[in-house]
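# Summary of the model geometry
Here is what each chain is made of, one letter per residue.
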Amino acid sequence: MTRFRLGLATLCLLLIGSMTIAADKPSIYTLMVGINHYGKPVDPAYGASDLNGPKNDIDLFKALLTGTYGMLDDSDHVRILLDQQATHADIAAAFKEQLVEKAKKDPNSVFVFYFSGHGSLAFDDNGDEGDGYDETLVAYDSRSAGGSDIRDDEIETWINELKTYSQNIVLVIDACHSGTISKAPGLIARRAPIDDRQKPAGAILNTTKKTRPGALDGSEKAVSIISGSMAEEVSNEDVIETKDGKRYHGLMTYGLVQSLQHDPILTYRQAAAASEQFVHKRAPSQHPQAEGDIERLIFGGIGERQTPYIPVSQVQKDGISVAVGESQGIQVGALLAVYSPTAKKLEGETDKIAEAVVIESGISSSTATFINAPSQPVSTKAKVRIISPYSSGQKLKVALEAATGEYRLDATTAQSIRERMKNSALITIVDDPKIATMFVGSACLAEGLPTSTSGCSPSIFVSTSDQIKALHDFSTPIKPLETATAAVAGALESFARQENLRSLTNNTSPLKVDFTFIAVDVQIANGRGIIAGQSPVTDVNVVPVKIDDNFQFQVANNSEQDFYYSIIALGSSGSVSIVTDTPSGEKVLAGKTVYTKPVLQAGAPYGLESYVLLVTTSPTNLTFLSQPGVRNAGPGALARLVDDLANPNIRDAKRQTALDLNSWVTARVDLNIHP
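To start, this report covers the structure provided alongside it. Starting from 1, residues in each chain are numbered consecutively following that chain's sequence as written. pLDDT decides what is reported in this predicted model: residues at 70 or higher carry local features, side-chain atom pairs at 80 or more are listed and counted, and totals for whole chains, interfaces and linings draw on all residues regardless. Water and hydrogen atoms were dropped before computing side-chain values, which therefore reflect all heavy atoms in the structure.

Before going further, it helps to spend a moment on the environment of A273. Strands here mean DSSP runs of E at least two residues long; helices mean DSSP runs of H or I at least four residues long; both are numbered from the N terminus. Counting through the fold element by element, A273 comes out in helix α5 (residues 268–282). C-alpha of A273 to C-alpha of H287: the two residues are 14 residues apart in sequence and 8.8 Å apart in space.

A few words now on the sheet that holds strand β20 (residues 427–429). Strands are treated as partners if at least two bridges between them are detected by DSSP. In spatial order, the strands read β20-β19-β21-β24-β25; together these five strands make up an open sheet with mixed pairing. Edge positions in the sheet fall to β20 and β25 (475–477), since each of these pairs with one other strand and no more. Ignoring which end each strand starts from, the neighbouring axes of this sheet average 30 degrees apart. Summarising the sheet, strand β24 (residues 459–464) and β25 pair through three bridges and their orientation is antiparallel. When the bridges of β25 are listed, I460 appears paired with T476. Angular values range over 0 to 180 degrees, each being the angle between N-to-C directions of two axes fitted as lines to C-alpha atoms, with helices fitted over their stretch in contact.

Aromatic ring pairs: the centre-centre distance and the angle between the two ring planes describe each pair. Only Phe, Tyr and Trp rings are paired, with Trp represented by its six-membered ring, and only when their centres lie within 6.5 Å; those with planes under 30 degrees apart are stacked, over 60 edge-to-face, the remainder tilted. Applying the stated criterion across every chain, the model contains 17 aromatic pairs. Ring centres 5.4 Å apart and planes at 55 degrees place the aromatic pair Y254 and F278 in the tilted group. Of this pair, Y254 sits in helix α4 (residues 251–262) while F278 sits in helix α5, placing them 24 residues apart in sequence. Like Y254, the residue F278 is buried in the burial classification. An aromatic cluster is defined as three or more aromatic residues linked by ring pairs; in this entry it consists of F61, Y69, Y114, Y268 and F299. Using a 1.4 Å probe on the protein chains alone, a residue whose accessible area is under 20% of its type maximum counts as buried, one over 50% counts as exposed, and one in between counts as partly exposed.

Cis peptide bonds are those with omega within 30 degrees of zero, and the linkage from K479 to P480 qualifies with 0 degrees. Within the secondary structure, P480 sits in the loop between β25 and α7 (481–502). For the bond running from A604 to P605, omega is 0 degrees, close enough to zero to count as cis. Among the structural elements, P605 can be located in the loop between β34 (600–601) and β35 (607–616). Unlike most non-glycine residues, F299 shows phi in positive territory, near 55 degrees. Counting through the fold element by element, F299 comes out in the loop between β12 (289–292) and β13 (310–315). Even without glycine at this site, D548 takes up a positive phi of about 80 degrees. Relative to the helices and strands, D548 resides in the loop between β28 (542–546) and β29 (550–557).

Two side chains carrying opposite charge are able to pair once their charged atoms lie near each other. Salt bridges are counted wherever a side-chain nitrogen of Lys or Arg sits within 4 Å of a carboxyl oxygen of Asp or Glu. Counted according to the given criterion, the structure contains 21 salt bridges. The salt bridge partner of K55 is D83, with a shortest N-O separation of 2.9 Å. With K55 in helix α1 (residues 54–67) and D83 in the loop between β2 (78–82) and α2 (88–105), the pair connects residues that are 28 residues apart, well separated along the chain. Exposure remark for D83: the relative accessible area of 5% places this residue in the buried category. Within the structure, one salt-bridge network assembled from shared partners comprises E276, R668 and D670.

Okay, here's the thing in structure tokens:
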């Protein structure tokens, strides 16, 4: 049986170009649950702490569905349960009344269950979980006397009943279900303590979720799920500067809504990926998820309309101001394409009149300068699209202690690292750890986690700001100092290269390509490995892969011209390498599909691993990416951009050259390497 998995997601608002809603679009019925305040626990050890953001998230989610996707704002189409209204029994009854009963009458509509609150884990009570626990949602009374969490088994029963009447089911879950509590000040993890009140005698909870790759069966194609993080991660809420002032929201909530308001015609896979840019700025260890039927349009789309664009709010002598910013993942160095006011497709080089690079970015607005002189005057009627939200002008901010003041380096070690990194084009050392994305600290470590074990020898480690753990399992002895400093510098620059390359996109490209993960069954015969089976995985945007699993990729050229591709591997160890054999890229004829060779095998350490497909219309040599410190000597603006993103020795990271947007595109597959 395919297991239902919980996680984080939700939604909010932004001004964009014109759109219209189709009159014949299916109706949307939704049940929304938001819990800020929880009932008194029967045992404080299992109590669910109060949250700040769920009610705000409900407001934003409802505004998105009614304002952008055309849901009718009435008691027939919208049902909301808040705080004490959201008991276990009330949620179960409302699911049946609002979704199942409505589906019996109107099966072609879209049925949405939204939950914002705590999630948790409970020991498996029926033996159907290989890892020994169920994932749960925490209702208002779950931890009160006589209460219980809503287990995934129960939710699956609800969904199975709903599926008998409708094939258009959506779950958006803004809750944690695993991982460690966030340590960054301001961030609040939406995870209640593990509920082990029904713990079997002698049972030991294994908090490493073990999932398997593989497509969902046909019946599961009725369900699309968006969640905020991988199984072992934390989903967070934080104070966000919005148009209505500072308000708490789930990070996925806010990032996802901004992405959908900018471009409502996204698939579930694309929506989860689009929200990532905002989430990562505050919580680098949180990776949004999509699961199930993730290639269909989210909430049924909004009907036919013009390609979405960003309005120009002001024109300066050498640049523009636009109505997007950090909420949409835009950072300093992001690349923008400016199109003529009469442009229709807003694609590639057609009707493009300028390119610009962002030099300042606020929460919902940015200022950009033109890379070259525009081909015609730019006005406030021009239409702007994001080429790539994260380019070479951005440095990774790193502190030399945690935001809580813990794990502080001694003064000598800190000064040595500061001196070593002062000329880095990829890293900037900041004094305020609260604004840092990562930090370098010192602690005794056990399985990558700081420990209070006495008598141990502390190590230097690198961690993200939101979850305290040795990133990519990197740590190094403090002495000798010169060796330790060099190791830290190399690790930081490798991590920065990965983050830059992971974010490289060309959202305007006319090139069409599909990049698919293929699980491979390898059998040994006569001492040789033989491919005995190939299974595409298309139902998740982050593929769970076990150590030693075999895999390859499928590359489909859906364009009308031949292209070349290279695959950049961003390893769970922090490495950057090229896994394709031909230095200038493998050629794929128009309309053809190929499988990558050789077959790859997942290896340690555990964690996120990404494979970036770079497609070009002419050969582009990327072998320099596998050789730290080696500069690219090849021609072309794209090669220069990739070089700037990846090379730690550059001194002119703000250099820019206009790109041929018709000539390249990227795609990405993320893996979650687990035991």
